[in-house]
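For reference, the chains in residue letters:
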Amino acid sequence: MRIIKLSPKDVDFPKRESVDEYFNNTLRGREPVGKFLLTKGRISANGIAAGETIIFSYETEITHIAKASSGRRENLDDDREIYPYYFLVDVNTIVPAQGNLDAVESSLAELGIIKNIVRTQGCPLIPDTTKVAAIWHSLKM
């Protein structure tokens, strides 16, 4: 499982409502469908895999969950200077979600998985286990 933090500094997410628009419409209209752009250093070359579960958050609020349908790929479009990479989100798995990162961090700690989720800028990777999957599923609205 991976946690991806969306930032109001990103042009796609100036406010909370824009996050819903992005997941409901923007990703579905991209070529290829589900293209999620990445800035340099966000996810390593082998850092995401098809089928991996993802939690998306905005200012510590969990907004959506989904699964990746690809690994990291090189972006060859005109915006590649800002977003040199992307991966595909399986748009058929996008579900609105609820909760906050503090609660996920606490739930993981109860499983013995100590991760600094709230106070890191990266995209934390959490090992996939049955119990971690249960946490991911519990976030669905």
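Residues numbered from 1 in each chain as written. Predicted model: local features only at pLDDT ≥ 70, side-chain atom pairs only at ≥ 80, totals over all residues. Heavy atoms only, no water.

Topic: helix α1 (residues 16-29)
Line of reasoning, step 1. The first and last C-alpha atoms of α1 sit 20 Å apart over 14 residues, in line with the 20 Å expected at 1.5 Å per residue.
Line of reasoning, step 2. Residue Tyr22 marks the point of greatest curvature in α1, where the axis turns by about 50°.
Line of reasoning, step 3. Among all positions of α1, only Ser18, Val19, Tyr22, Phe23 and Leu27 are buried.
Line of reasoning, step 4. Where α1 is buried, its residues meet β1 (2-6), β2 (35-38), β3 (53-58), β4 (61-68) and β6 (85-96). (Helix = DSSP H or I, 4+ residues; strand = E, 2+ residues; numbered from the N terminus. Expected span 1.5 Å × (residues − 1). Bend = angle between axes of the 7 residues up to and from the residue. Buried < 20%, exposed > 50% of the residue type's maximum accessible area, 1.4 Å probe, protein only. Contact = heavy atoms within 4.5 Å.)

Quick word on helix α3 (residues 130-138)
Line of reasoning, step 1. Among all positions of α3, only Val132, Ile135 and Trp136 are buried. For α3, the angular spread of buried residues about the axis comes to 100°, placing them on one side. More than 90 degrees from the buried face of α3, the exposed residues found are Thr130 and Lys131.
Line of reasoning, step 2. Of the surrounding secondary structure, the elements contacted by the buried residues of α3 are β3, β4 and α2 (101-110). (Arc of directions from axis to C-beta.)

Re the packing of aromatic side chains
Line of reasoning, step 1. Enumeration according to the criterion identifies six aromatic pairs in this entry.
Line of reasoning, step 2. Taking the centre distance of 4.8 Å and the plane angle of 70° together, the rings of Phe13 and Tyr22 count as edge-to-face.
Line of reasoning, step 3. Residue Phe13 is classed as buried on the basis of its relative accessible area, which comes to 3%.
Line of reasoning, step 4. For Tyr22, a relative accessible area of 3% corresponds to the buried category.
Line of reasoning, step 5. A connected cluster of aromatic rings, assembled from ring pairs, spans Phe13, Tyr22, Phe23, Phe36, Phe56 and Phe87.
Line of reasoning, step 6. When the ring centre of Tyr85 is taken as origin, the NZ or CZ atom of Arg72, which lies over that ring, is 3.5 Å away. (Phe/Tyr/Trp six-rings, centres within 6.5 Å; stacked < 30°, edge-to-face > 60°. Lys NZ or Arg CZ within 6 Å of the ring centre and 35° of its normal.)

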